[in-house]
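# Examining the three-dimensional arrangement
What follows is the residue order along each chain.
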Amino acid sequence: MFLTELSCGLCGKSHSKSLLQTVCQNCQRPLLASYDLKAVSAILSRKDLAGREPSLWRYREVLPVPADEEPVSFREGWTPLLPAPRFGPEIGLPNVWIKDESQNPTGSFKARGMSVAVSMAKHYGATALAVPSAGNAAGALAAYAARTGLPAYLFMPEDTPRANVVECAATGARITLVKGLITDCAREVARRAAVEGWFDLSTLREPYRLEGKKTLGYEIAEQMGWQLPDVILYPTGGGTGLIGMWKAFHEMEQLGWISSKRPRMVAVQAAGCCPIVAAFNAGERFATEHLNASTMASGLRVPKAIGDFLILDAVNQSGGTSLAIIDREMLEAVKRVGATEGLFVAPESAACCAAAGKLAKSGWIRSDETVIIFNTGTGLKYPECFADFTGSERLPPAHD
Ligand SMILES: *Cc1c(COP(=O)(O)O)cnc(C)c1O
Ligand SMILES: [Zn+2]
């Protein structure tokens, strides 16, 4: 195993990897895992990856689970990077690719983070797992906890899409619905975790969900022949995927696998909850809480992100941008990408599709640039949002 230590993303304080860590003891900000990348590059080259298993575990050397331990896995990751030959040209971008994360176990990219984080929690001896969630993180934790025989305690806002609640119940989790937002759920988990003996897997409050999510960066590099795209659009709630990809790009450069060229990172949010967009526009490194957050894109309903500065640093260093999309535009984009590409995307991803169109129109993305849009989850989990998507005609009753 090549994991060396954990260090704070803000103050840099080093933390030992020999116990299950949460946040920085000094400043309570996220911890980032470091690896001995020199040693990895001595035994692993890009070519060695070619024949490996089609899951995120093909990057085993840069993941924290010890080599002699079996990860808790459903073979997540290595999702297709699909061309968008009709949707792309329609919005003026002929070189658009959609990374289809809806094909992950439990239908969203939350599976990546939970596979690695649950594997590590198990490794360190955790006996019960808990998470506050807008929906998809709970569904993923429920599945991975059941897979390894640990109880899962899930806290979701009471207006979470029903499919998320049902999948958690079906996989044996203990569910609490909370009147309020994910921040209220997080407060409840934090308050009870110590007495109940739960390990809290909240976004960026333990170091390993990020390690699972960073494999998005490794995969797009490998799938594009080690040439990163010009622009990446990411639907940003807590920001794990965006921060993870940025970390992966840095690691791959150290490994000698990619050059120093980086994509411009675009953090897309919902107009009803856009603390990162507000901070970006104000030129701030930290975001203030978005009050009265409201959007149908439940994964984007994150009023305050502990990794705000990591998101904003990546966006700024990459020459990227951040913009907000209203719910009605998300619904329109769901239909548009659905009809042109046959993908039923989650509203979070639809926000990225709409954002790509806007950035193309304004000239911020040029038509010759290569663009990746993330479809982070399946639209099938959001029936409430699409209640009036019938599009059907009723035939009159048949008579003989
Ligand atoms: C959680 C989630 C997001 C946001 O991901 P973060 O890593 O928290 O920014 C986006 N889309 C979907 C479908 C999600 O479930
Ligand atoms: Zn710190």
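Above: the structure in question.
## Points about the coordination of the zinc ion (ligand 2)
Protein coordination at the zinc ion (ligand 2) comes from Cys8 (SG), Cys11 (SG), Cys24 (SG) and Cys27 (SG), with a distance range of 2.3 Å. On the primary sequence, the residues serving as donors to the zinc ion (ligand 2) are separated as C-x2-C-x12-C-x2-C. When its relative accessible area of 6% is taken as the criterion, Cys8 is described as buried. With relative accessibility at 37%, the residue Cys11 sits in the partly exposed group.

## Section: the environment of Glu348
Residue placement: Glu348 occurs in helix H12 (residues 347-361). Separated by 90 residues in sequence, Glu348 and Ile258 place their C-alpha atoms 29 Å apart. If sequence neighbours within four positions are ignored, Glu348 has contacts with Pro235, Ala297, Ser298, Gly299, Leu300, Thr376 and Tyr382. Of note is the side chain of Glu348, whose polar atom sits 2.7 Å from the backbone nitrogen of Gly299.

## Let's talk about the sheet that holds strand S9 (residues 199-200)
If you trace the four strands from one edge of the open sheet to the other, you get S8-S7-S6-S9, paired in parallel fashion. The sheet is open, and its two edges are formed by strand S8 (174-178) and S9, each paired on a single side.

## A look at the pairing of strand S11 (residues 264-270)
Burial within S11 is extensive, with seven of its seven residues counted as buried. The two faces of S11 match: Arg264, Val266, Val268 and Ala270 on one face and Met265, Ala267 and Gln269 on the other face are all buried. Bridging between strand S10 (residues 231-235) and S11 involves five bridges; their strand directions are parallel. Paired with Val231 across the two strands is Arg264, which belongs to S11. Handedness of the crossover joining S10 and S11 through helix H8 (residues 240-254) is recorded here as right-handed. Of the pairings in the sheet, the one linking S11 to strand S12 (residues 321-325) comprises five bridges and is parallel in character. Bridge assignment links Ala270 to a residue of S12, and that residue is Ile325.

## So, the side chain of Lys214
In this fold, Lys214 is placed in helix H7 (residues 208-223). A polar contact is formed between the side chain of Lys214 and the side chain of Glu251, at a distance of 2.9 Å. In this structure, Lys214 is in contact with Tyr35, Val62, Leu63, Gly244, Met245, Lys247, Ala248 and Glu251, ignoring residues within four places of it in sequence.

Reading the values: the criteria
Residues numbered from 1 in each chain as written. Chains lettered and ligands numbered in written order. Predicted model: local features only at pLDDT ≥ 70, side-chain atom pairs only at ≥ 80, totals over all residues. Heavy atoms only, no water. Donors = N, O, S within 2.8 Å, 3.2 Å for Na, K, Ca; no water. Buried < 20%, exposed > 50% of the residue type's maximum accessible area, 1.4 Å probe, protein only. Helix = DSSP H or I, 4+ residues; strand = E, 2+ residues; numbered from the N terminus. Contact = heavy atoms within 4.5 Å. Polar contact = N/O pair within 3.5 Å; in protein donor to acceptor, adjacent residues only side chain to side chain. Pairing = 2+ DSSP bridges. Right-handed = clockwise from strand over helix to strand, strands pointing away.

Without other data, these values stay purely geometric and don't point to any function.
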